[in-house]
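Listed here are the chains, written in short residue letters.
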Amino acid sequence: MLPAVEKEEEKERIVILGSGWGALSALRKCASPNKSIVVVSPRPHFLYTPLLASSSVGTITLRSACEPLRALVESAAGSSHSATFVRADARFIDTKNQTVIATTDSEGTELHLSYDKLVVAVGAMPNTFGIPGVQEHALFLKEAEDSVKLHAKLLNNLEKAVALIRHTKGDTYKKEIERLLKVFVIGGGPTGVELAAEIADFARNDVARRYGDDIADKIQIVLVEAMPRVLGPFEESLANIARDHLIEKGVDVRTATAVTKVDEQSVTLAPSTPRNATAEEKARALSQASVEETGALVWAAGIGARPLVKKLAKSLGQKDMRGLIVDENLKVKGAENVYAIGDAALSGYAPTAQVAAQQGKHIGRAIRDGKNSPFVYNHAGSLCCLGSDNAIAQLLVPSSSSSFPVWEMIGKPVNGSNGDERALTGKPAFVLWRSLYFTKLLSTGSRFSLCADWLKAQINGRNVVEPV
Ligand code: FAD
Ligand code: NAD
């Protein structure tokens, strides 16, 4: 006898907002014939964020970092056709009527999507902290199009500077050439550090090779961090190794320095002050502010909640607008049948792909089985790529491996970690970074593409064709 085919209206209707790490993991776990799943996102691809820094200087192509969403949704749904993708921007969540209002385009064609269960996995957006000029003048590194813009800006500035250096006489354009070739990366978190390292490699290898050492030597990369040290999430000695490596590559690393204003062609920097600084201390710091010219400024100073998330948090009476407050089962507090995961949720974990993917899997299972349970995060460690042949890794030794001495052979114990964390640096960490992120790619097509990109970059150098 053939199995009974459930009618569409009898299926539980699941709406997943987002097409990133959290959304995709949730979809893959909850897709089943008795669910009708709708994935809603303005972005028709999944973005593999760890490759974004290298795509912005042409080490890899975006083809390797972006996966078409329709194919992923279809493969998760399988033959049951239980999932569909809608390209739309969710604008409002009506938790009383269990409906999401989304728009398909900027003109605002509205869709009303009802749900039995809703997963909010819309991630976060760059946080400008209201600093004047950032929104208008800075470049970012969050979405695929950000990396295209950044790549174009770097190459365009380079060509303009080369034209002035090679085809003008005297010192008339000295300051302009300096400006065009000075790049500021703001924020010494993992995004800023990985990007500064990639730009430094691009300058040292590809600019030197294609434009000459005299041009490469003129490129200045400044990494600005408000805190006293870079890479806050890493143990200090590892972070210092990363900092020293950047300095060796020629990056000007400025810690305890905050950006206070950004203009079209300049940035204002001042010594940073602690949050509890007195008005007098703040005024003293501001009086020491200096303005520097720049050809490109990338804002990698952290993330904040999206408007949809803030609107929902407010409508539920939540007080913290940095994300959606969830309970231990990842259910949004104050709402029925709504879950929040990843960067959109305030769950007590760092906003990383590792957390978002695990939360997505957890929620996907809970929806599939109709059973909520507390989320337990399993941290594997942190990795930060420092460009060609270098990285740092802070790895957690699995508790099950205490009688398994292989971990004794990997790296060194992390300072102050009671032996449960190991540190790896240099080439071994780089090989680990590449292997791990290569195996975690979502399709064979992307793996082929990434292999080809890495090989091409190794043999021919990075891509220096300005994106159009
Ligand atoms: P995202 O992956 O950001 O996905 C959010 C999705 O929601 C997107 O598809 C977006 O288009 C969609 N969306 C937005 N608004 C709406 C709306 N209104 N309606 C519907 N959909 C919407 N983490 C690591 O663990 N390891 C790394 O190596 C690492 N490298 C990184 C490198 C960079 C350059 C960056 C920026 C981040 C990196 N991260 C890394 C962090 C990691 O990418 C994020 O923590 C992760 O993407 C969060 O997953 P998410 O699903 O919550 O959100
Ligand atoms: P972040 O919040 O980790 O770092 C931003 C940095 O900018 C902070 O150190 C902050 O002190 C600094 N900053 C803020 N305002 C400033 C100002 N006005 N002037 C100067 N500096 C300022 O942000 P991120 O690096 O984008 O990372 C976001 C999340 O993504 C984190 O959870 C991170 O772990 C994750 N991520 C991970 C990796 C990786 O695992 N390799 C790579 C990228 C991002």
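Residues numbered from 1 in each chain as written. Chains lettered and ligands numbered in written order. Predicted model: local features only at pLDDT ≥ 70, side-chain atom pairs only at ≥ 80, totals over all residues. Heavy atoms only, no water.

A separate point is the packing of helix 1 (residues 21-30) against helix 13 (residues 353-369). Two elements in contact, helix 1 and helix 13, have axes whose closest approach is 7 Å; the angle formed by their N-to-C orientations is 30 degrees. Here helix 1 is positioned roughly parallel relative to helix 13, judged by the angle of their axes. The interaxial crossing formed by helix 1 with helix 13 has right-handed handedness. Between helix 1 and helix 13, the residues in contact are Trp21, Gly22, Ser25, Ala26, Lys29 and Cys30 and Ala353, Ala356, Ala357, Gly360, Lys361, Gly364, Arg365, Ile367 and Arg368, respectively. Split into classes, the residues belonging to the contact of helix 1 with helix 13 amount to seven nonpolar, four polar and four charged. (Axes fitted to C-alpha atoms, helices over the stretch in contact; angles between N-to-C directions. Helix = DSSP H or I, 4+ residues; strand = E, 2+ residues; numbered from the N terminus. Parallel < 35°, antiparallel > 145°, perpendicular 65-115°, else oblique. Left-handed = near helix turned anticlockwise from the far one by under 90°. Contact = heavy atoms within 4.5 Å. Nonpolar A, V, L, I, M, F, W, Y, C, P; charged D, E, K, R; others polar.)

Moving on to the nonpolar core. Counting residues in hydrophobic clusters, the biggest one holds 129 residues, and the most contacted among them are Ile16, Leu17 and Val120. Looking at which element gives the most residues to this core, the answer is helix 8 (residues 190-211), with eleven residues. Those residues in contact with leucine 17 that lie beyond four places of it in its chain are Val40, Ala90, Ile93, Val100, Leu118, Val119, Val120, Ala121, Val122 and Leu308. (Core = buried A, V, L, I, M, F, W, Y, C linked by side-chain atoms within 4.5 Å. Buried < 20%, exposed > 50% of the residue type's maximum accessible area, 1.4 Å probe, protein only.)

Here histidine 362 is to be found in helix 13. Classification of histidine 362 by relative accessible area gives buried; the value is 11%. What histidine 362 contacts, discounting residues up to four positions off in sequence, is Leu330, Ser373, Pro374 and Phe375.

This paragraph deals with the pairing of strand 12 (residues 182-186). Across the five residues that make up strand 12, a large majority, five, are buried. Because side chains alternate across strand 12, one face comprises the buried residues Lys182, Phe184 and Ile186, and the other comprises Val183 and Val185, equally buried. Here five bridges tie strand 12 to strand 13 (residues 220-224), and the two strands are oriented parallel to one another. Within strand 13, the residue paired with lysine 182 across the bridge is glutamine 220. Where strand 12 meets strand 18 (residues 296-299), four bridges bridge the pair, whose relative direction is parallel. Bridge pairing in strand 18 links valine 183 to alanine 296. (Pairing = 2+ DSSP bridges.)

Further remarks concern the site of ligand 1. Taken together, the neighbourhood of ligand 1 is formed by 29 residues, with Ser19, Gly22, Thr49, Asp89 and Tyr437 sitting nearest. Serine 19 is positioned such that a nitrogen or oxygen atom in its side chain is 2.6 Å from an oxygen atom of ligand 1. A distance of 2.9 Å is found between an oxygen atom of ligand 1 and a backbone nitrogen or oxygen belonging to proline 351. Protein chains bury 91% of the 990 Å² of accessible surface belonging to ligand 1 in isolation. Among the secondary structure elements, those contributing two or more residues to the shell around ligand 1 are helix 1, strand 2 (35-41), strand 6 (89-94) and helix 13. Across the shell around ligand 1, the residue classes tally to 13 nonpolar, eleven polar and five charged. (Near = heavy atom within 4 Å. Polar contact = N/O pair within 3.5 Å; in protein donor to acceptor, adjacent residues only side chain to side chain. Areas by Shrake-Rupley, 256 points an atom, 1.4 Å probe, with all protein chains shown as cover.)

For the rest of this paragraph, the subject is the packing of helix 14 (residues 426-439) against helix 15 (residues 444-460). Taken N-terminus to C-terminus, the directions of helix 14 and helix 15 make an angle of 150 degrees; their axes are 10 Å apart at the nearest point. Relative to helix 15, helix 14 is oriented roughly antiparallel. Touching Trp433, Arg434, Phe438 and Thr439 of helix 14 are Arg447, Leu450, Cys451 and Trp454, all from helix 15. When grouped by side-chain class, the residues that make up the contact of helix 14 with helix 15 number five nonpolar, one polar and two charged.

Moving on: the packing of aromatic side chains. On inspection of all chains with the given rule, the structure shows seven aromatic pairs. Pairwise contacts between aromatic rings join Trp21, Phe46, Tyr48, Trp433 and Tyr437 into one cluster. The ring of tryptophan 454 carries arginine 434 above its face, with NZ or CZ at 4.0 Å from the centroid. (Phe/Tyr/Trp six-rings, centres within 6.5 Å; stacked < 30°, edge-to-face > 60°. Lys NZ or Arg CZ within 6 Å of the ring centre and 35° of its normal.)

What follows deals with the sheet that holds strand 25 (residues 412-413). The four strands are arranged 23-24-26-25 in an open sheet whose pairing can be described as antiparallel. Each of the sheet's edge strands pairs with one partner strand only, and the pair in question is strand 23 (381-385) and strand 25. Bridging between strand 25 and strand 26 (residues 421-425) involves two bridges; their strand directions are antiparallel. Pairing of proline 413 across the sheet is with arginine 422, part of strand 26. Where helix 10 (residues 236-248) meets the sheet, it contacts strand 24 (391-396) and strand 26, and its direction lies at approximately 165 degrees from that of strand 24.

Tracing the sequence through the fold places glutamate 194 in helix 8. One buried charged residue, glutamate 194, remains without a salt bridge, the closest side chain of opposite sign being arginine 434 at 11 Å. A polar contact of 2.9 Å, which involves the side chain of glutamate 194, links it to the backbone nitrogen of cysteine 385. Residues in contact with glutamate 194, not counting those within four places in the same chain, are Ala53, Leu383, Cys384, Cys385 and Trp433. (Lys, Arg positive; Asp, Glu negative; His and termini not counted. Salt bridge = Lys/Arg side-chain N within 4 Å of Asp/Glu carboxyl O.)

Next up on the list: the sheet that holds strand 15 (residues 257-262). Here three strands make up an open sheet; going across it, the order is 15-16-17 and the pairing antiparallel. The open sheet terminates on both sides in strands that have one partner only, identified here as strand 15 and strand 17 (290-293). For this sheet the average axis-to-axis angle between neighbouring strands, irrespective of direction, equals 35 degrees. Both strand 15 and strand 16 (residues 266-271) contribute to a ladder of five bridges, which runs antiparallel.

Turning our attention to the pattern of salt bridges. Enumeration according to the criterion identifies 20 salt bridges in this entry. Among the ionic pairs, glutamate 198 bridges to arginine 462, the shortest N-O distance being 3.9 Å. Taken as a pair, glutamate 198 in helix 8 and arginine 462 in the segment after helix 15 lie far apart in primary sequence, 264 residues in all. In this structure glutamate 198 comes out as buried when scored by relative accessible area, which is 8%. Close ionic contact of arginine 284 with glutamate 280 constitutes a salt bridge, the shortest N to O distance being 3.9 Å. Taken together, the positions of arginine 284 and glutamate 280, both in helix 11 (residues 279-287) and four residues apart, correspond to about one turn of that helix. On the basis of relative accessible area, glutamate 280 is assigned to the exposed category, the value being 59%. When salt bridges that share partners are traced, they join Glu198, Asp201, Asp206, Lys249 and Arg462 into one network.

Function cannot be inferred from these measures alone, as they are strictly geometric.
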